[in-house]
Amino acid sequence: MSGLLFVVSAASGTGKTSLVKALLDRVTNLHVSVSHTTRGQRPGELDGVHYHFSKKEDFLALVEQGGFIEYAEVFGNYYGTAQATVKQQLAKGHDVLLEIDWQGADQVRKLFPESKQIFILPPSQFDLRQRLSNRGTDSVEVIERRLGCAVEDMQQYSNFDYIIINDDFNKALHDLECVIIANRLVLSQQAARHQELIEKLITPIEP
């Protein structure tokens, strides 16, 4: 049985990383693909855990080899999802979650039209500005630029299968978990997962 591929996207500052992290504590057999990036390593980040940190030339060489399912340049840095890792996990029957931007989601959608794509929205632009400001790592100019890009990113919502509003974190987390569980319960998944049980249930018992 092939695993399910989930894509979670959102504008910067919407809280998707926190939601995904909390989701992994609640849902079993869900694997997050660790992205490759050329951006600098931030304090507390571990190579191979938060990202695979790569040199730009190494990243672009892998692009030329067709090694990424998706990749994009964001604020001068490259991000990408390794194709081999994702396909191996799916082939083993593991569900895989990609936490990527809408550009990457669009590329995945073309290669994996069966993927389930989820977009996270903030409750308001004011709330999003506050979240970006609270990071304390960017100047006012950078924050305003990020907010402008976020508005453009949010215009892509209509290309996704599910929309979750991250107003109340616990509710948003519950909604995200429901999407995962509901897709696991569809006929094709359940029939493959419980084939032996179903065959026994529908086989007439001889008197």
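To be clear, the structure that these remarks concern was listed above.
These figures come from a predicted structure and were not determined experimentally.

Draft legend 1. View of the layout of surface pockets. By volume, the largest pocket is sized at about 1800 Å³. Forming the boundary of the largest pocket are 46 residues, of which Lys16, Thr17, Arg42, Tyr51 and Glu99 lie nearest the centre. Going through the elements one at a time, helix H1 (16-26), strand S5 (68-74), strand S6 (77-82), helix H4 (102-111) and helix H6 (140-154) are the ones with two or more residues in the lining of the largest pocket. When residues in the lining of the largest pocket are grouped by element, the largest group, 6 residues, is from H1.

Draft legend 2. Quick peek at the sheet that holds strand S4 (residues 52-53). Within the open sheet, the 4 strands sit side by side as S4-S3-S6-S5. Their pairing is mixed. Taken across any chain shown, the strands that pair with only one partner, and hence form the sheet edges, are S4 and S5. Strands in contact with helix H3 (residues 83-91) are S5 and S6; relative to S6, the strand with the most contacts, it is inclined by about 30 degrees.

Draft legend 3. Region of interest: a nonpolar patch on the surface. Together, Leu197, Ile198, Leu201 and Ile202 make up an exposed nonpolar region whose accessible area comes to about 420 Å². Checked against the element boundaries, Ile198 lands in helix H9 (residues 195-202). Note on Ile198: relative accessible area 33%, which makes it partly exposed.

Draft legend 4. Structural detail: the packing of aromatic side chains. Under the definition given, this model contains 7 aromatic pairs. Note on Phe119 and Phe160: the rings are 4.8 Å apart at their centroids and 50 degrees apart in plane angle, and the pair reads as tilted. Of this pair, Phe119 sits in strand S8 (residues 116-121) while Phe160 is found in the loop between H6 and strand S9 (162-165), placing the two residues 41 residues apart along the sequence. The pair formed by Phe119 and Phe160 is uniform in burial state, with each residue classed as buried. Members of the aromatic cluster, joined through ring pairs, are Phe59, Phe68, Tyr71 and Tyr78.

Draft legend 5. Inspection of the environment of Gln125 at higher detail. With respect to the element layout, Gln125 can be found in helix H5 (residues 125-134). Its relative accessible area of 44% is what places Gln125 among the partly exposed residues. Between the C-alpha atoms of Gln125 and Glu196, which are 71 residues apart in sequence, the distance is 51 Å. Setting aside residues no more than four positions away along its own chain, Gln125 makes contact with Leu147 and Val151.

Draft legend 6. Structural view of the pattern of salt bridges. Following the criterion strictly, the structure yields 9 salt bridges and no others. Between Asp106 and Lys110 there is a salt bridge, with its nearest N and O atoms 3.5 Å apart. Of this pair, Asp106 and Lys110 both sit in helix H4, 4 residues apart, which is roughly one turn of the helix. Across the salt bridge formed by Asp127 and Arg131, the nearest N and O atoms sit 2.6 Å from each other.

Draft legend 7. Region of interest: the pairing of strand S1 (residues 5-10). Buried residues dominate S1, accounting for 6 of its 6 residues. Here S1 shows two buried faces, one formed by Leu5, Val7 and Ser9 and the other by Phe6, Val8 and Ala10. Two elements, S1 and strand S7 (residues 95-99), share 4 bridges in a ladder whose sense is parallel. Looking across to S7, one finds that Leu5 is bridged to Val96. Bridge count for S1 against S8 is 5 bridges, and the pairing is parallel. In the strand pairing of S8, Ser9 is matched with Phe119.

What counts, and where the lines are drawn
Residues numbered from 1 in each chain as written. Predicted model: local features only at pLDDT ≥ 70, side-chain atom pairs only at ≥ 80, totals over all residues. Heavy atoms only, no water. 1 Å grid on protein atoms, 1.4 Å probe; cavity = no way out; pocket = protein on both sides within 12 Å on 5 of 7 lines; lining within 4 Å. Points joined across faces, edges and corners; volume = space filled by probe spheres on them. Helix = DSSP H or I, 4+ residues; strand = E, 2+ residues; numbered from the N terminus. Pairing = 2+ DSSP bridges. Contact = heavy atoms within 4.5 Å. Axes fitted to C-alpha atoms, helices over the stretch in contact; angles between N-to-C directions. Patch = residues over 30% accessible without salt bridge, like charges linked within 9 Å, V, L, I, M, F, W, Y side chains within 5 Å. Areas by Shrake-Rupley, 256 points an atom, 1.4 Å probe, with all protein chains shown as cover. Salt bridge = Lys/Arg side-chain N within 4 Å of Asp/Glu carboxyl O. Buried < 20%, exposed > 50% of the residue type's maximum accessible area, 1.4 Å probe, protein only. Phe/Tyr/Trp six-rings, centres within 6.5 Å; stacked < 30°, edge-to-face > 60°.

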